[in-house]
Amino acid sequence: MKEQLNNIRLEAEKCLNEVKSSADLESLRLRFLGKKGELTAVLRGMGGLTSDERPIIGQLANDVRSFIEGKLEEGAKILQNKEQELRLKTEYIDVTIPGKRRFIGKKHPLTIVSDEIKDVFVSLGYEIAEGPEVELDYYNFEALNIPAGHPARDAQDTFYINDEILLRSQTSSVQIRVMENKKPPIKLISPGRVYRSDSVDATHSPVFHQVEGLVVDKGITMGDLVGTLQLFARRLFGEDTKIRLRPHHFQFTEPSAEVDVSCWTCGGKGCRVCKNEGWIEILGAGMVHPKVLENCGIDSKVYSGFAFGLGVERTAMGRFNIDDMRLLFENDMRFLRQF
Ligand code: PHE
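Below is a short write-up of the structure.

1. Focus on the pairing of strand 6 (residues 243–250)
Two faces make up the sheet, and in a regular strand the side chains alternate between them.
Here is step 1: Judged from the seven bridges that link them, strand 6 and strand 7 (residues 253–262) form a sheet pairing that is antiparallel. By the bridge assignment for strand 7, R246 is matched with E258.
Here is step 2: Turn length for the strand 6-strand 7 hairpin, with the two strands adjacent in sequence and antiparallel, is two residues.

Right, dumping it as C-alpha cells:
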C-alpha cells in the first residue's frame with residue numbers, strides 16, 4: 001500500500017508538471033482526488049490493515065493528498081499567469097494610432113433663435129404652451145373667426161388629412177386650446193411648427209416655425225402690446241431697435257397690425273438686407289377679437305387681451321444674415337457648423 005501511495009504521488013507529480021490547460025487540471029484532480037479517483041480507491045482498502053499499520057498509512061495518504069492539492073493549486077496559478085501574459089501581449093493598446101474624431105453637437109440656428117425668444121418671454125413671466133401640429137379645422141380656423149368659405153383661408157391654404165383635420169397653418173390654434181381650458185389671467189407663448197401649401201423658394205417653405213403670444217386679463221390694452229413688443233425687439237436685436245406698427249387685418253384680432261423692426265443691419269438707414277426700407281416685418285399682432293374670447297367662454301366685457309405671431313425663420317435669417325431660407329432646412333453640415 002505504501003508503494004501504491006508513493007506511485008500515485010510520483011505519477012501525479014509527473015502529470016501535473018506537464019499540465020497545459022485548466023481542463024487538464026480538472027481531469028487530473030478527478031483522476032487522483034475524485035470520488036472514483038486513485039487515491040480514494042487506495043484509502044478504501046485501508047479496512048484490511050492492522051491497527052499498527054493504519055496510522056502510518058493514514059499519515060502517508062494524507063501527505064500524498066496535500067501534496068497533490070498543493071500541486072493543483074500551483075498549476076492553477078501558473079496557468080493564470082500564462083493567460084495574463086498572453087492577454088498582455090495580444091490586447092495591448094497602441095497609443096500611436098490616431099484617435100477617432102468626435103464632433104460636438106451644436107444647436108441649429110432655428111433652435112438658437114427659438115431659445116432666445118423663449119428666454120425673453122419666460123423672463124417676463126410667460127408660460128410655454130404646446131399644441132398639436134395635426135389639428136382640427138375648428139382650432140386652426142373656425143374658432144379663430146375664420147369660417148368655412150371665408151377668403152381669409154386662401155392666404156393660409158394648408159395640407160388636409162380630411163375635411164376636418166389638417167396640418168395647422170398657424171400657432172394661433174393654441175390660443176383657443178388654452179383659453180378653452182384656462183380662465184384669465186393668461187400669459188403664454190407657444191412655439192411650434194406650422195404648414196402651408198407654399199412652394200419652396202428663398203423666402204418660403206411649406207414647413208416653418210412660429211412663436212405665438214397671448215395675454216388675456218382685465219384691462220389689457222394696445223399699449224401693453226406695443227410696450228411688450230418694443231421690449232422684446234430690444235432684447236433680441238439690440239437696445240437701439242425700434243418697432244413700427246402698420247394697420248392690417250386678421251380675423252381673430254381687432255384692431256390688427258403688422259409689426260416691423262428697424263433693420264438689424266443698417267439700423268434703419270436702408271440697405272440690401274431691408275431692401276432699402278429701413279424696416280423688416282417680423283410679426284403679426286393685435287387685440288384678441290371679442291368673438292374669439294366668447295368662442296372660448298371668456299366674457300369679452302370683463303376681459304381683453306392681445307396676441308402676436310412671430311416668424312422664427314425670418315427672425316433667424318435676420319439675426320444671422322442668412323439670405324436663403326432653404327439653408328435652414330437642408331441640414332448641410334458646412335452651413336450648420338458656422339453657428
Ligand atoms: N397667426 C397669424 C399668421 O400666421 C399671426 C398672428 C398671430 C396675428 C396672432 C395676430 C395675432 O399670420
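2. Brief notes about the packing of helix 5 (residues 109–123) against helix 10 (residues 312–320)
Helices that pack against each other are described as a pair by the angle of their axes relative to one another and the distance between those axes.
Here is step 1: Running from amino to carboxyl end, helix 5 crosses helix 10 at an angle of 100 degrees, the nearest separation of the two axes being 9 Å. Compared by their axis directions, helix 5 and helix 10 come out roughly perpendicular. Residues P109, L110, I112, V113, S114 and E116 of helix 5 touch helix 10, and the partners they reach there are V312, E313, T315, A316, R319 and F320.

3. Some details on the site of the ligand
Here is step 1: With respect to spatial proximity, 15 residues lie near the ligand, and among them Q170, S172, R196, Q210 and G309 are the closest.
Here is step 2: One of the side-chain nitrogen or oxygen atoms of Q210 is found 2.9 Å away from an oxygen atom of the ligand.
Here is step 3: Relative to its free-state accessible area of 330 Å², the ligand is covered by the protein chains to the extent of 93%.
Here is step 4: Of all the secondary structure elements, the ones that give two or more residues to the shell around the ligand are strand 5 (207–217), strand 8 (279–288) and strand 9 (304–311).

4. What to know about the side chain of R168
Here is step 1: Positionally, R168 belongs in the loop between strand 3 (165–167) and helix 7 (173–181).
Here is step 2: Buried within the structure, R168 lacks any salt-bridge partner; E133 is the closest side chain of opposite charge, at an N-O distance of 4.9 Å.
Here is step 3: Within the structure, the side chain of R168 is placed 3.3 Å from the backbone oxygen of G131, a separation counted as a polar contact.
Here is step 4: Of the polar contacts made by the side chain of R168, one reaches the backbone oxygen of R193; its length is 2.8 Å.
Here is step 5: With near-sequence residues (within four places) excluded, R168 lies in contact with G131, P132, E133, E135, N140, S173, V174, G192, R193, V194 and Y195.

5. What about the sheet that holds strand 4 (residues 186–195)?
Here is step 1: A sheet is described by the order of its strands in space; here seven strands give the open sequence 1-4-5-9-8-7-6, paired in mixed fashion. The open sheet has two edge strands, strand 1 (127–128) and strand 6, and neither has a second partner.
Here is step 2: Pairing of strand 4 with strand 5 involves 10 bridges; the strand directions are antiparallel. Bridging from a neighbouring strand, R193 pairs with H209 of strand 5.
Here is step 3: Contacts between helix 5 and the sheet are confined to strand 1, strand 4, strand 5 and strand 9, with strand 4 contributing the most and set at about 165 degrees to the helix.

So, how was this worked out
- Residues numbered from 1 in each chain as written.
- Predicted model: local features only at pLDDT ≥ 70, side-chain atom pairs only at ≥ 80, totals over all residues.
- Heavy atoms only, no water.
- Pairing = 2+ DSSP bridges.
- Helix = DSSP H or I, 4+ residues; strand = E, 2+ residues; numbered from the N terminus.
- Axes fitted to C-alpha atoms, helices over the stretch in contact; angles between N-to-C directions.
- Parallel < 35°, antiparallel > 145°, perpendicular 65-115°, else oblique.
- Contact = heavy atoms within 4.5 Å.
- Near = heavy atom within 4 Å.
- Polar contact = N/O pair within 3.5 Å; in protein donor to acceptor, adjacent residues only side chain to side chain.
- Areas by Shrake-Rupley, 256 points an atom, 1.4 Å probe, with all protein chains shown as cover.
- Buried < 20%, exposed > 50% of the residue type's maximum accessible area, 1.4 Å probe, protein only.
- Lys, Arg positive; Asp, Glu negative; His and termini not counted.
- Salt bridge = Lys/Arg side-chain N within 4 Å of Asp/Glu carboxyl O.

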